[in-house]
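# Remarks on the overall topology
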Amino acid sequence: MSKLFTTTLRINLSKPEGHKAWAYLKNRDKSRYRSYSDAIIAAVNGYFDREKQLADDPYLETREKEDAFLQRVLETVKQGVQVNSLSGLAALLQAAPAPVQDNTAVEDDLDTAMDFINSL
C-alpha cells in the first residue's frame, strides 16, 4: 500500500485570506520548505498542535506573554549595563518615571489606627 496521499488545494485569490496564504507559500524560505507540501504540512501541524496545547492548558498564552515581557525587561537592563557600565544603567533608570507616593494617605491611616488604639 502506498504511503503517499495526493489532494488538490484550492486557494481563492479574490479573498484576502486566500491571497495572503498564496503570498506566504510563494515567498516561503525554500531552504527550509522545499515544496508547497512541506510548508502546508508544517502549517497544519503547527496550527493543530497549538490548538491542542491551548485546550490542555488555557493559561499557556498568558504565561508566554508574561515570559516575553520579562525577556524584554531583561534585555533592556542588559543593554543599560553594557552601555558604559553603571552610568548606562543609571541613565536607563532615570528615564523611567519614579512612582509617586502619597504620604498623606499613609499618615491618615496611621492617625486613624492610633485613634482606634487610644479608644480601647
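Above this text you will find the structure in question.
Everything numeric here is computed off the predicted structure, so don't read it as measured data. (Residues numbered from 1 in each chain as written. Predicted model: local features only at pLDDT ≥ 70, side-chain atom pairs only at ≥ 80, totals over all residues. Heavy atoms only, no water.)

### Concerning the packing of aromatic side chains
Going through the model one piece at a time under the given rule, you end up with 2 aromatic pairs. On the numbers, 5.1 Å between centres and 85 degrees between planes, the contact of Y47 with F48 is edge-to-face. Among the residues examined, Y47 registers a relative accessible area of 49% and is labelled partly exposed. Note on F48: relative accessible area 53%, which makes it exposed. (Phe/Tyr/Trp six-rings, centres within 6.5 Å; stacked < 30°, edge-to-face > 60°. Buried < 20%, exposed > 50% of the residue type's maximum accessible area, 1.4 Å probe, protein only.)

### Overview of the pattern of salt bridges
All told, the structure shown has 3 salt bridges when counted by the stated rule. Linking K52 and D56 is a salt bridge whose minimum nitrogen-to-oxygen distance equals 3.0 Å. In this pair, K52 and D56 both sit in helix α2 (residues 36–56), 4 residues apart, roughly one turn of the helix. As far as burial versus exposure is concerned, K52 and D56 are alike and both exposed. (Salt bridge = Lys/Arg side-chain N within 4 Å of Asp/Glu carboxyl O. Helix = DSSP H or I, 4+ residues; strand = E, 2+ residues; numbered from the N terminus.)

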